[in-house]
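# Structural characterization, general
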Amino acid sequence: MKRTLFLMSFGIGAALIGAYPANAQGSNCADHAQVVERLGAHFGESRQSIGLGADNSVVEVYASMDTGSWTITVTQPGGLTCLVAAGQAYQYVNEPLANFDSQS
């Protein structure tokens, strides 16, 4: 259950990292502790999954089960955390792994 969500969110986050500018130090980036505090205080979001990107960046998905809001963050090895996506209608899903026939 959690593994499916982790893999889905990690895949989305990994795709976003590839498209994200390396020097993204704009207004959507701050210290990790500050970002986490604001996501919790302003949106009621808490971390739902976490993964490690190929470049050692940390991809996290935060969401609120009450409001359905969600945010994906990427933290670079130096500690800068950037918001890369956000939205509504977050749902926690528990889908079984598809049965792939190796003889296809």
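See above for the structure.
Here's a quick rundown of the structure. Keep in mind that this is a model prediction, so the values were computed, not measured. (Residues numbered from 1 in each chain as written. Predicted model: local features only at pLDDT ≥ 70, side-chain atom pairs only at ≥ 80, totals over all residues. Heavy atoms only, no water.)

### Considerations on the side chain of serine 64
Mapped onto the elements, serine 64 comes out in the loop between strand E3 (58–63) and strand E4 (70–75). A residue is classified by how much of its surface remains accessible, and serine 64, at 3% relative accessible area, is buried. In terms of polar contacts, serine 64 uses its side chain to reach the backbone amide nitrogen of threonine 67, at 3.1 Å. Setting aside residues no more than four positions away along its own chain, serine 64 makes contact with Phe43, Gly44, Glu45 and Ser69. (Helix = DSSP H or I, 4+ residues; strand = E, 2+ residues; numbered from the N terminus. Buried < 20%, exposed > 50% of the residue type's maximum accessible area, 1.4 Å probe, protein only. Polar contact = N/O pair within 3.5 Å; in protein donor to acceptor, adjacent residues only side chain to side chain. Contact = heavy atoms within 4.5 Å.)

### Here's the deal with the environment of aspartate 31
Examined against the element boundaries, aspartate 31 turns out to sit in strand E1 (residues 29–31). Its relative accessible area of 47% is what places aspartate 31 among the partly exposed residues. Along the sequence, aspartate 31 and leucine 80 sit 49 residues apart, while their C-alpha atoms lie 5.4 Å from each other. Aspartate 31 has contacts with Gly79 and Thr81, leaving out every residue within four places of it along the chain.

### Quick word on the state of the cysteines
The full count for this structure, using the stated rule, is one disulfide. At a sulfur-sulfur separation of 2.0 Å, the disulfide partner of cysteine 29 is cysteine 82. What sets the handedness of the cysteine 29 and cysteine 82 disulfide is the S-S torsion sign, and at about 110° it is right-handed. Separated by 53 residues along the polypeptide, cysteine 29 in strand E1 and cysteine 82 in strand E5 (residues 80–87) bring together distant segments of the chain. Taken as a pair, cysteine 29 and cysteine 82 share a single burial class, namely buried. (Disulfide = S-S within 2.5 Å.)

### Some details on the pattern of salt bridges
Throughout the structure, instances matching the rule amount to one salt bridge. A salt bridge links arginine 47 to glutamate 60, with the nearest nitrogen and oxygen atoms 2.7 Å apart. Residue arginine 47 is located in strand E2 (residues 46–52), and its partner glutamate 60 is located in strand E3; the two are separated by 13 residues in the primary sequence. You can call arginine 47 partly exposed: its relative accessible area is 47%. A relative accessible area of 2% means that glutamate 60 is categorised as buried. (Salt bridge = Lys/Arg side-chain N within 4 Å of Asp/Glu carboxyl O.)

### Quick word on helix H2 (residues 32–43)
Because an α-helix completes one turn every 3.6 residues, residues spaced three or four positions apart along the sequence face the same direction. Taking 1.5 Å per residue as the helical rise, H2 with its twelve residues ought to reach 16 Å, and the 16 Å between its terminal C-alpha atoms agrees with that figure. The opening residue of H2, the one whose side-chain oxygen lies 3.2 Å from the backbone nitrogen of alanine 33, is aspartate 31. Where H2 terminates, the next one or two residues include glycine 44, which has phi positive at roughly 70°. (Expected span 1.5 Å × (residues − 1).)

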